[in-house]
Amino acid sequence: MRRFIELSLMALIIIATSVWGALAVYFGDSDSGIIRNFLSAGFGVFSLVTLISLGFQHWRKRCLYGYGVVFSLILIWWLSISPSNDRQWQPDVAKLAHATFDGDKVTVHNIRNFDYRSEFTYVPAYYTKTFDLNKLEGVDLFSVYWMGPAIAHTILSFNFGDGGHLTVSIEARKELSEGYSTIKGFFRQYELIYIVADERDVIRLRTNYRNDPPEQVYLYRLQGPPQNAKRLFLEYLDKINSLNEKPEFYNTLADNCTTAIWLRSRINPEHLRFSWKILLSGYLPEYLYESQRLNTRIPFNELQKQSLINERALRTDQEDDFSRRIRTVILKHN
């Protein structure tokens, strides 16, 4: 029985590592083409042979040794892949934001503010703006749904009162002719980008112009002291500046739009404990409600209904006060 358990564990390890290794080689370097496909298939066949060898004592040790060497070489190669800021980027992620500091004044450069005609038809535009840290009133959270209740794209917006809102969307930075794939996101295929944008850009894009599939956008006002918002904002800016100098890879699980927010928020003493509802990001608003980080004076179901902003955003499409109008109901209940 002990031997059976040992062989079963070996088999599970081989299956798991062979699937990962084959996919890592397959996705690897997008310029390798036929060679990449051949190597991926070859590793898959060798993994199958190693798996079968577990039933033959005479071949088992040799195959396991050979498999360990080959997998180690794949892992070393994969870890050597480096991120870069010098690629042919899609226009919407072509520029990285950065910030400069002068006491309590922060100047943010390359704030995206595209004028959309459709999801893929727009006039690129960027601006620079100075924000007073002493006027930072709080943080709002947008949850964007397009594939059921479990998964959502999470965006934070920093509220500077009369100074306006500054929105940051953490995304995969895609090259020209490159689409997004959840699976590819595990294998160092995309660089990480913090898109710093006007709400009329990054939010209006999702409420008014994305229709395949349509996206439902919810806006929640986070509860907490202003000093927490300030620490989080500065932590964001530090990361944004760092990515200009030292690019990093996006990761579907470990460094995505929601886990990255949780990592940045750990700068605050009262940060949220980790929960599966952070991984299944569609349930993050519910987790925040349970943790007293949202308005709890009304039931969550009612708060969620009031937080849906699509209709308000559609009515406000070309208005200058987009941010104020999409918050009409929320302001009334806070």
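Residues numbered from 1 in each chain as written. Predicted model: local features only at pLDDT ≥ 70, side-chain atom pairs only at ≥ 80, totals over all residues. Heavy atoms only, no water.

Remarks on the overall build of the protein
Along the backbone of the protein there are 13 helices and ten strands. Projecting the C-alpha coordinates of the protein onto the three principal axes gives extents of approximately 75 × 45 × 40 Å. Buried residues in the protein amount to 46% of all 334 residues. Counted over contacts in the protein with a minimum sequence separation of 6, partners at least 24 positions apart contribute 66%. As displayed, the protein has an accessible area near 17600 Å², and 58% of this comes from carbon and sulfur atoms. Of the side-chain charges in the protein, 39 are positive and 36 negative, and the distance between the mean point of each set is 6 Å. (Helix = DSSP H or I, 4+ residues; strand = E, 2+ residues; numbered from the N terminus. Buried < 20%, exposed > 50% of the residue type's maximum accessible area, 1.4 Å probe, protein only. Contact = heavy atoms within 4.5 Å. Areas by Shrake-Rupley, 256 points an atom, 1.4 Å probe, with all protein chains shown as cover. Lys, Arg positive; Asp, Glu negative; His and termini not counted. Charge placed at Lys NZ, Arg CZ, Asp CG, Glu CD.)

Here's the deal with the packing of helix 1 (residues 2-27) against helix 3 (residues 57-79)
Between helix 1 and helix 3, whose axes approach to 11 Å, the crossing angle comes to 35 degrees. The interaxial crossing formed by helix 1 with helix 3 has left-handed handedness. Here helix 1 contributes Arg3, Leu7, Met10, Ile14, Thr17, Ser18, Trp20, Gly21, Ala24 and Val25 to the contact with helix 3, which in turn contributes Arg60, Leu64, Tyr67, Phe71, Ile74, Leu75, Trp77 and Trp78. Split into classes, the residues belonging to the contact of helix 1 with helix 3 amount to 13 nonpolar, three polar and two charged. (Axes fitted to C-alpha atoms, helices over the stretch in contact; angles between N-to-C directions. Left-handed = near helix turned anticlockwise from the far one by under 90°. Nonpolar A, V, L, I, M, F, W, Y, C, P; charged D, E, K, R; others polar.)

Quick look at the confidence of the model for the protein
Looking at the protein as a whole, its pLDDT mean stands at 92, while 97% of the residues score no less than 70. By mean pLDDT, helix 13 (residues 328-332) is the weakest element of the protein at 62, and strand 2 (residues 105-112) is the strongest at 98. (pLDDT = per-residue confidence, 0-100.)

A word on the side chain of Arg264
Note that Arg264 resides in helix 7 (residues 259-265). The class for Arg264 is buried, based on a relative accessible area of 12%. For Arg264, the contacting residues outside a window of four places in its chain are Tyr194, Leu232, Glu235, Tyr236 and Lys239.

As for the pairing of strand 6 (residues 138-145)
Most of strand 6 sits inside the fold, with eight of its eight residues counted as buried. Going residue by residue along strand 6, you find Gly138, Asp140, Phe142 and Val144 tucked away on one face and Val139, Leu141, Ser143 and Tyr145 tucked away on the opposite face as well. Across eight bridges, the pairing between strand 6 and strand 7 (residues 152-159) is antiparallel. From the neighbouring strand, Tyr145 faces strand 7, where its bridge partner is Ala152. Between the end of strand 6 and the start of strand 7, which pair antiparallel, lie six residues, with Gly148 showing a positive phi angle near 100 degrees. As paired strands, strand 6 and strand 10 (residues 216-221) are joined by six bridges and run antiparallel to one another. Bridge pairing links Leu141 to Tyr220 in strand 10. (Pairing = 2+ DSSP bridges.)

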